[in-house]
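The chain contents come next:
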Amino acid sequence: MATSDGKRSALGERFERAVDRSPLPAGVVVTSGPVLLLQLLFFVGPLFIMVTIATMEMENLVLIPDYSLDNFVEVFTGFVPRTAFTNTVLISVLTTLSAIVIAYPIAYFIARRGGSHKNQLLILVMIPWWTNFIVRVYGWRLILGSRGVVNSALIYAGFIDQPIDWLLNTKFSIWLGLTYLWLPFMILPLYTSLEKMDQSLIDAAYDLGASRWVVFRRIILPLSFSGLVGGTMFVFIFSMGSYIVPSMLGGGTTFVGPLIDYQFGFGGDWPMGAAIASVLMLIVMVVLRALMRHVEIEEMI
Amino acid sequence: MSGGTDVTTGDRPSEMTETGLPLRRLRDVLDTYWIHVWTLLVFAFLYFPIVVLVVFSFEKGTYSTLPWSGFTVQWYAEMVTDQVLIDSATNSAIVAVFVTVIGTTLGTLGAISLVRYEFKLKSVYRSLIIAPMTVPGLILGVGLLMWFKYLGFSTDLKTVMIGQLVFVTPFVLITVSASLSGFDPHLEEAARDLGASRWQTYRRVTIPMLMPGIVSGAMFAFALSFDDFLIAFFTSGVKNTLPVYLWSRMNHGISPVINAISTVVLLFSIVLIVGSELLRRRNEL
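Please read these numbers as outputs of a predicted model, since none were measured by experiment. (Residues numbered from 1 in each chain as written. Chains lettered and ligands numbered in written order. Predicted model: local features only at pLDDT ≥ 70, side-chain atom pairs only at ≥ 80, totals over all residues. Heavy atoms only, no water.)

Our focus in this paragraph is the overall build of chain B. For chain B, the helix and strand inventory stands at 11 helices and 0 strands. In chain B, the order of α-helices and β-strands from amino to carboxyl end is α-α-α-α-α-α-α-α-α-α-α. Considering only residue pairs separated by 6 or more positions, chain B has 67% of its internal contacts joining residues 24 or more positions apart. Entry remark: accessible area of chain B is about 13,700 Å², with carbon and sulfur atoms responsible for 67%. (Helix = DSSP H or I, 4+ residues; strand = E, 2+ residues; numbered from the N terminus. Contact = heavy atoms within 4.5 Å. Areas by Shrake-Rupley, 256 points an atom, 1.4 Å probe, with all protein chains shown as cover.)

The next point concerns the overall build of chain A. Across its full length, chain A carries 15 helices and 2 strands. Relative to its 301 residues, chain A shows a buried fraction of 54%. When contacts within chain A are restricted to residue pairs at least 6 apart in sequence, those whose partners lie at least 24 apart make up 69%. For chain A, the computed accessible surface area is about 13,700 Å², with 66% contributed by carbon and sulfur atoms. (Buried < 20%, exposed > 50% of the residue type's maximum accessible area, 1.4 Å probe, protein only.)

All names here are of chain A. Across the interface, helix H4 (residues 79-113) lies against helix H8 (residues 171-196) with an axial gap of 6 Å and an inter-helix angle of 40 degrees. Comparing the axis directions of H4 and H8 gives the class oblique. You can see that H4 and H8 cross each other, and the crossing is right-handed. Residue composition of the contact of H4 with H8, by class: 21 nonpolar, 5 polar and 3 charged. (Axes fitted to C-alpha atoms, helices over the stretch in contact; angles between N-to-C directions. Parallel < 35°, antiparallel > 145°, perpendicular 65-115°, else oblique. Left-handed = near helix turned anticlockwise from the far one by under 90°. Nonpolar A, V, L, I, M, F, W, Y, C, P; charged D, E, K, R; others polar.)

Residue and element names in this part refer to chain A. Under the counting rule described, the total for this entry stands at 6 cavities of 30 Å³ or more. Computed from the structure, the largest cavity encloses a volume of approximately 880 Å³. The biggest single contributor to the lining of the largest cavity is H8, with 6 residues. Taken together, the residues of the lining of the largest cavity break down into 31 nonpolar, 5 polar and 2 charged. (1 Å grid on protein atoms, 1.4 Å probe; cavity = no way out; pocket = protein on both sides within 12 Å on 5 of 7 lines; lining within 4 Å. Points joined across faces, edges and corners; volume = space filled by probe spheres on them.)

Let us look at unusual backbone geometry. All names here are of chain A. The residue Asn169 is not glycine, and still its phi comes out positive at about 65 degrees. For Asn169, the location among the structural elements is in the loop between helix H7 (149-157) and H8. Using a relative accessible area of 43% as the deciding quantity, one classes Asn169 as partly exposed.

What follows is about the confidence of the model for chain A. When pLDDT is averaged across chain A, the result is 86; 90% of the residues are at 70 or more. Segment residues 1-6 of chain A is flagged for pLDDT under 50; beyond a separation of four residues in sequence, or across chains, it makes 7 contacts in the model. (pLDDT = per-residue confidence, 0-100.)

Attention shifts here to the interface of chain B and chain A. At the interface, 104 residues of chain B touch 100 residues of chain A. Counting the surface lost from both chain B and chain A, the interface buries some 9,600 Å², and carbon and sulfur atoms represent 77% of this. If you look at where chain B meets chain A, you find 0 salt bridges. Here chain B and chain A share 8 residue pairs in polar contact (both at pLDDT 80 or more) between them. Sort the elements by how many residues they give to the side of chain B that touches chain A and helix H1 (residues 21-56) of chain B lands first, with 18 residues. Grouping the amino acids of the side of chain B that touches chain A by side-chain chemistry returns 70 nonpolar, 23 polar and 11 charged. (Buried area = accessible area lost by both parts, 1.4 Å probe. Salt bridge = Lys/Arg side-chain N within 4 Å of Asp/Glu carboxyl O. Polar contact = N/O pair within 3.5 Å; in protein donor to acceptor, adjacent residues only side chain to side chain.)

Between its first and last C-alpha atoms helix H2 (residues 26-54) of chain A spans 39 Å; for 29 residues at 1.5 Å apiece the expected length is 42 Å, and the two agree. Of all the bends in H2 of chain A, the greatest, near 45 degrees, is centred on Ser32 of chain A, and the proline Pro34 of chain A appears no more than four residues after it. (Expected span 1.5 Å × (residues − 1). Bend = angle between axes of the 7 residues up to and from the residue.)

All names here are of chain B. Summarising the model, chain B shows a mean pLDDT of 84, and 90% of its residues fall at 70 or more. Mean pLDDT values for the elements of chain B range from 81 in helix H11 (residues 256-284) up to 94 in helix H9 (residues 230-235). Throughout residues 1-16 the model reports pLDDT below 50, and contacts reaching past four residues in sequence, or to other chains, amount to 26 contacts.

For the rest of this paragraph, the subject is the environment of Leu188 of chain A. Residue and element names in this part refer to chain A. With respect to the secondary-structure elements, Leu188 resides in helix H8. Along the chain, Leu188 and Ala103 lie 85 residues apart, while their C-alpha atoms are 8.8 Å from each other. Excluding anything up to four places from it in sequence, Leu188 contacts Leu122, Val125, Met126 and Trp129.

What follows covers the packing of aromatic side chains. Within the structure shown, the criterion is met by 36 aromatic pairs over all chains. Ring centres of Trp129 of chain A and Phe220 of chain B lie 6.5 Å apart, and the angle between their planes is 90 degrees; this geometry places the pair in the edge-to-face category. Of this pair, Trp129 of chain A sits in helix H5 (residues 118-130) while Phe220 of chain B sits in helix H8 (residues 198-227), which puts the two residues in different chains. Here a set of aromatic residues connected by ring pairs shows up, and it is made of Trp129, Trp130, Phe133, Trp182, Phe185, Phe234 and Phe238 of chain A together with Phe171 and Phe220 of chain B. (Phe/Tyr/Trp six-rings, centres within 6.5 Å; stacked < 30°, edge-to-face > 60°.)

At a minimum axis separation of 8 Å, helix H6 (residues 133-144) of chain A and H1 of chain B run at an interaxial angle of 80 degrees. Compared by their axis directions, H6 of chain A and H1 of chain B come out roughly perpendicular. Where H6 of chain A abuts H1 of chain B, its residues Val135, Arg136, Tyr138, Gly139, Trp140, Leu142 and Ile143 of chain A lie against Phe45, Phe48, Pro49, Ile50, Val52 and Leu53 of chain B. Counted by class, the contact of H6 of chain A with H1 of chain B contains 11 nonpolar, 1 polar and 1 charged residues.

Structure, rendered in structure tokens:
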């Protein structure tokens with residue numbers, strides 16, 4: 001930084017001449033090289049080792065390299081992993097659907113009627129997303145617990161004598177927590193696509209006598225489709241891979257994330273954990289591939 | 001609130017049914033304002049746990065229950081004497097600063113190659129950038145755990161930094177490339193035509209133009225790193241970062257001190273995002 005531009009440029013000039021002769025421009029190597037190196041070493045590497053270890057066995061915390069697909073068979077046939085995947089997929093689908101229903105009106109409101117407050121409203125949506133995950137999930141434990149805000153308020157007001165026990169440590173609380181946590185990821189892509197929409201199309205449809213539902217189905221929905229796909233992608237994938245919500249709010253509900261963690265911790269079966277994680281990874285990739293064709297991920301952020 | 005025209009209701013002919021007047025009034029009001037009410041409810045939902053944590057961090061009772069039993073700052077007093085908390089917050093700050101500096105540098109460089117160069121295997125490069133953002137943190141966490149074990153790295157703050165860089169750098173890269181693709185390459189050509197070297201062009205034209213994007217990328221990086229739990233959980237070894245420490249405390253039962261710590265953490269993040277937004281706004285003017 002401190003060197004003068006003159007010195008730098010002489011060096012740069014020589015550098016540039018060398019650059020122009022190489023088949024891969026040095027600019028590319030310098031700019032993309034470090035990122036590529038990082039991702040190859042610490043992203044591709046870990047995924048590779050994960051799939052490899054998934055084919056091994058573990059005894060007394062020592063890996064035994066007798067490569068086989070037994071662990072993968074176990075993921076699909078074993079009762080616990082199968083239950084975990086069923087629960088996780090069902091709750092993730094439900095979370096995605098509820099996020100869509102909750103997010104559409106508010107995204108529409110901010111995009112089309114936010115007026116000069118648009119930016120402030122958007123920041124209000126984004127603030128929770130930027131604040132610490134586990135802290136906000138913990139907040140729900142205070143709300144939903146048997147002595148939590150909801151139960152104690154209802155008892156105090158005399159509506160119930162006994163705390164409602166399905167509020168926490170159930171599939172319900174996992175669903176609620178996931179919907180809560182990923183909602184901004186549905187609102188923001190929807191907002192982005194709704195904001196670009198041409199108002200005159202909607203006005204014209206109403207002028208021609210379309211009902212509100214028809215306007216939504218025939219105009220708003222198709223024109224915000226990329227946002228919908230983007231939001232669905234985020235919410236579904238994040239829910240599938242979630243760990244914090246199911247372990248903090250789910251009680252003992254069998255769920256993929258906590259199950260993977262268990263295999264790497266008390267379970268002491270890394271290969272099994274790696275196999276479950278590999279299958280999860282595969283599901284995520286399939287969903288991504290199916291949905292990515294409809295969206296530009298760079299536009300979403 | 002409503003700046004534009006009212007869309008969903010439009011000029012619908014009022015129906016001449018025999019419903020009583022107050023009921024029809026109510027329906028008209030709902031028709032017009034349901035979306036306002038909905039928006040308000042969603043915001044209430046988004047901020048509910050945050051408000052609860054803040055409110056109960058000042059509550060006297062050990063259990064965070066209603067009715068309210070009195071105001072206290074006792075939990076904050078306990079918080080500041082917690083040495084493990086201070087140590088883990090310090091660790092988090094060290095990690096976040098490192099990840100921000102390196103991640104922003106790598107991400108900015110990477111963005112330049114993504115937007116400005118055409119090269120073979122660019123699609124592979126693109127997917128290697130996008131993939132780490134889409135892989136669940138849990139998978140990356142356990143993957144890194146196995147990888148570090150395989151490489152013989154002992155896990156501590158160093159490994160947390162490496163792990164976080166894997167998913168933080170792509171976010172910076174995308175943020176910067178968004179602002180990079182928004183500016184006119186002719187400005188750079190003009191600088192070159194006027195005799196500036198490639199380096200001078202970068203320093204005097206490209207970097208200053210990119211600064212707002214780089215700054216918001218850096219803030220993004222800091223927030224992501226500071227809040228990261230999953231990577232740190234699996235790769236920090238015996239060291240604690242703030243979220244890892246909070247996690248272990250939360251799993252040891254309810255304590256109002258957690259509410260106090262949470263409030264401070266929330267406040268910190270909110271200041272960070274509002275600050276970065278104001279900064280961005282100022283740069284746009």
